[in-house]
Amino acid sequence: MAKSNMNKRVVGVKASSVALFEGTFFGAIGLGVAIIHSLRATVDIAEETQSVLSGMAFGLATGVVSILVLPFLYFGLGWLIGYLHGVVFNLIAESSGGISLRLEDDK
């Protein structure tokens, strides 16, 4: 059986698709940052008040807010950056003739 090789040229991408991908990636990073912030706030407040119970209560309260808000902020920032990347990619790909890809069929 003959191998089927095809060359295709990418001359543009949907900027909103790149934006959604990068926004989701940044949102995941934001969630990690929020969890670390929540743990740090809990330990700091517990140390200041010399009480584990109040540290957990007040630290987790601020942490929960950050866990809910921070990923959305990171997603929004990532979406904007991703949209800009998509637009810039399209401008460069169109003016340079695109990117040539070689595709093969799976066995």
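Residues numbered from 1 in each chain as written. Predicted model: local features only at pLDDT ≥ 70, side-chain atom pairs only at ≥ 80, totals over all residues. Heavy atoms only, no water.

## Here we look at the packing of aromatic side chains
Using the following cut-off: Only centres within 6.5 Å qualify two rings of Phe, Tyr or Trp (six-membered ring in Trp) as a pair; their planes then separate them into stacked at under 30 degrees, edge-to-face at over 60, and tilted for everything else. Burial classes follow relative accessibility: with a 1.4 Å probe on protein chains only, a residue under 20% of its type's maximum area counts as buried, one over 50% as exposed, and anything between as partly exposed. Only DSSP runs of H or I covering at least 4 residues are called helices, and only runs of E covering at least 2 are called strands; the numbering of each starts at the N terminus.
Scanning the model with the defined rule gives 2 aromatic pairs in all. Here the aromatic rings of Phe25 and Phe26 are separated by 6.4 Å at their centres, their planes lie at 65 degrees, and the arrangement is edge-to-face. On the basis of relative accessible area, Phe25 is assigned to the partly exposed category, the value being 49%. We classify Phe26 as partly exposed; its relative accessible area is 22%. Residues Trp79 and Tyr83 carry aromatic rings whose centres are separated by 5.2 Å and whose planes lie at 15 degrees to one another, so their mutual orientation is stacked. Residue Trp79 and its partner Tyr83 are located together in helix H2 (residues 52–96), separated by 4 residues, close to a single helical turn.

## Some thoughts on the environment of Leu31
With respect to the secondary-structure elements, Leu31 resides in helix H1 (residues 15–49). Take Leu31: its relative accessible area is 36%, and that puts it in the partly exposed class.

So far we have only geometry, and geometry alone does not tell us how the molecule works.
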